[in-house]
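The lines below spell out each chain.
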Amino acid sequence: MAPPRNVVKIAVQKADAIPQLIQLDQAKPLATVLKEVCDAWNLPHSESYALKFADGHKRYITENDLEAQQVLGGLQSTSREGCYRALKNLVPLASDMTFAQEVISRDGLQRLSTIIENGDDLGEMLALGLMAFLELMEHGVVSWETLSMPFVRKVVSYVNMNLMDASVQPLALRLLESVTLGSPALGQLVKSEVPLDRLLVHLQVMNQQLQTKAMALLTALLQGASTAERKHMLDYLWQRNLRQFIYKNIIHSAAPMGDEMAHHLYVLQALTLGLLEPRMRTPLDPYSQEQREQLQALRQAAFEPEGESMGTGLSADRRRSLCVREFRKLGFSNSNPAQDLERVPPGLLALDNMLYFSRHAPSAYSRFVLENSSREDKHECPFAKSSIQLTVLLCELLHVGEPCSETAQDFSPMFFSQDHSFHELFCVAIQLLNKTWKEMRATQEDFDKVMQVVREQLARTLALKPTSLELFRTKVNALTYGEVLRLRQTERLHQEGTLAPPILELREKLKPELLGLIRQQRLLRLCEGMLFRKISSRRRQDKLWFCCLSPNHKVLQYGDVEEGANPPTLESLPEQLPVADIRALLMGKDCPHVREKGSGKQNKDLYELAFSISYDHGEEEAYLNFIAPSKRDFYLWTDGLSALLGSTMGSEQTRLDLEQLLTMETKLRLLELENVPIPEQPPPVPPPPTNFNFCYDFSIIEP
């Protein structure tokens, strides 16, 4: 009997076995076709097969096809239990890229959207639906811009509900954050539908996860807003005491702060400081009446009594000459002070700082100006010139106007302890500059040297992350010019490279042994393992995975872990990568997971922390991608992997460790030669004796 019209012959080939022909219905779903093939020829369903149709078309079918078909069938089930089971199965599988592509290609996202929009169950089923939707979208196969406005509004309604399951709202906030970052148009919808007051309510709960996701959406909305909108939003948030709440309840919370919250606080700090950029980029307008009045107010705050006594009854020319002289005393370089402030940066921001200092610390301002006015001209510390240069310095140290990093967590707790933190920091810094000027007994020619010392004082103190402005003031004032010199001398001694040739020779002989010690330490670090954070091409994620080297140095073992959980044991890690299969170690822009992210400044830190392992996966080349938590961890892991592959450990950390070990070992070897001068050249070998007719008889016992 002739076969039906839709039935064709296909060849089923497993590994190197002989192809076998079977007739199948082409109209059926491909997963069903594969199942019939497996049943007909008694083949295991867990294997992968190549199906070749009679017309020459090939399709590589894996177990993912069967699983995707099964899950989607469950999602379309009319029973709640069937749909619930399908969602439970879908969530752990959705992180797999191949499986996700299968589900998406079969309209799985549309089915999940329907479940989320219907909202028949506001508890665990909705949470599972949101989680599965997020996992599928994070692969970047489908753009966030394709989402419908009704769907986004429905997710917004879950965020705005008062009584909602605790597991649903963090996921809804996370989804809205991704929408805001991925689609400007839908981001505007989220901004209009989610009130700032609602986000403040979520921030004030005790649920740390909900707090973090609310902060994530808040920073995403701020990033998507224009400068004017951002200023309006931040002014409103500061009026609602958000800064005080962050400082007291998040920074000083009893629970440790997570990496994601630290990143969002860094972004919030950067966006707030970014509001200063327009003033920093705007030069003073000499024709602006308001700005001329501000300059006069600055002069009058310092010399008003003198101006009144000397200016009464004077002519206009005499009064103008008096103003010029007083502006000179203030430290302006030009007779017209507007010319000093035409430089950008700092532009008008320097004038703002000077006015703030004169109004909020009038005693310190007057003391600074009058004290320097009474010194000799060459020892005078120019207030205006110092303020302009100091404003530029603070903008550089605090990265004002620079784009936000995708991964940085380097926020300053002090920033959230004080209103007008930038101006308050300037008030402390300008008084520090005057103090350092006196300690250095500086003259006008030493201005640049003083600024270098002040930069070092501020940078070292900011690196300590003081929690309040008063603590910053105490620490920076304790870092005197003498202390800076001592620190410089100590660092110079540690990095000293001018050594005598005999010591250099000794160091060269010690290097192989010490490099072996560093190699051993790096491999031990790999055996200890480390948690790494997964970062997608679209946004910063909060997923963690753990990787470590087996004790015999033959296998890398890794797997996903939950945040807050203890590091897993070696036996519990599901994935293994034999060291013998590793082809190469890639770093920076060569890594596949950062190659497409562009070359913007915001991605520079990502390039500096990225490294990948390329390895053989069957006949193809696969990659295991890493983003190190810090630069030091990047150096340790890349060194360890280089040592594992027999390559040279060429990182900056290896150079520093080797230098430190060489210095310590050399000092120990030369301990007995302290204060003994070591000659540049070895002493000459004495000439040989005229004859060798001598010997010593050891058998004779001396009395």
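Residues numbered from 1 in each chain as written. Predicted model: local features only at pLDDT ≥ 70, side-chain atom pairs only at ≥ 80, totals over all residues. Heavy atoms only, no water.

Draft legend 1. The environment of Asn89, seen in detail. Position of Asn89 relative to the elements: it lies in helix H3 (residues 80-93). Overall, the relative accessible area of 43% leaves Asn89 in the partly exposed class. Along the chain, Asn89 and Gly74 lie 15 residues apart, while their C-alpha atoms are 9.6 Å from each other. (Helix = DSSP H or I, 4+ residues; strand = E, 2+ residues; numbered from the N terminus. Buried < 20%, exposed > 50% of the residue type's maximum accessible area, 1.4 Å probe, protein only.)

Draft legend 2. Examining empty space enclosed by the protein more closely. With the rule as written, the count across this model stands at two cavities of 30 Å³ or more. As for the largest cavity, its lining consists of Gln269, Leu273, Leu398, Ser412, Met414, Phe415, Gln418, Ser421, Phe422, Glu424, Leu425 and Leu469. Counting residues per element, the lining of the largest cavity draws most heavily on helix H21 (residues 421-440), at four residues. Taken together, the residues of the lining of the largest cavity sort by class into seven nonpolar, four polar and one charged. (1 Å grid on protein atoms, 1.4 Å probe; cavity = no way out; pocket = protein on both sides within 12 Å on 5 of 7 lines; lining within 4 Å. Points joined across faces, edges and corners; volume = space filled by probe spheres on them. Nonpolar A, V, L, I, M, F, W, Y, C, P; charged D, E, K, R; others polar.)

Draft legend 3. Geometry of the sheet that holds strand E11 (residues 620-627). Read across the open sheet, the three strands follow the order E9-E10-E11; overall the sheet is antiparallel. Here the strands that pair on one side only, and so sit at the sheet edges, are strand E9 (582-587) and E11. Going from strand to strand, the sheet's axes swing by 20° on average, the running direction of each strand aside. In this fold helix H27 (residues 631-644) packs onto E9, strand E10 (610-617) and E11, with an angle of close to 30° to the strand it touches most, E10. (Pairing = 2+ DSSP bridges. Axes fitted to C-alpha atoms, helices over the stretch in contact; angles between N-to-C directions. Contact = heavy atoms within 4.5 Å.)

Draft legend 4. The arrangement of the pairing of E10 in detail. In terms of burial, E10 is a largely internal element, six of the eight residues being buried. As paired strands, E9 and E10 are joined by five bridges and run antiparallel to one another. Within E10, the residue paired with Leu586 across the bridge is Ser612. Relative to E11, E10 is paired through eight bridges, and the arrangement is antiparallel. Paired with His617 across the strands is Glu620, a residue of E11. Here E10 hands over to E11 after two residues, with Gly618 in that stretch at a positive phi of 70°.

Draft legend 5. Examining the confidence of the model for the chain more closely. Taken as a whole, the chain shows an average pLDDT of 82; of its residues, 83% reach a score of 70 or greater. Confidence scores differ between elements of the chain, with strand E1 (residues 7-13) showing the lowest mean pLDDT of 40 and helix H22 (residues 447-463) the highest of 95. Throughout residues 1-27 the model reports pLDDT below 50, and contacts reaching past four residues in sequence, or to other chains, amount to 58 contacts. Predicted confidence for residues 52-61 stays below pLDDT 50, and this span has 28 contacts to residues more than four positions away or in other chains. (pLDDT = per-residue confidence, 0-100.)

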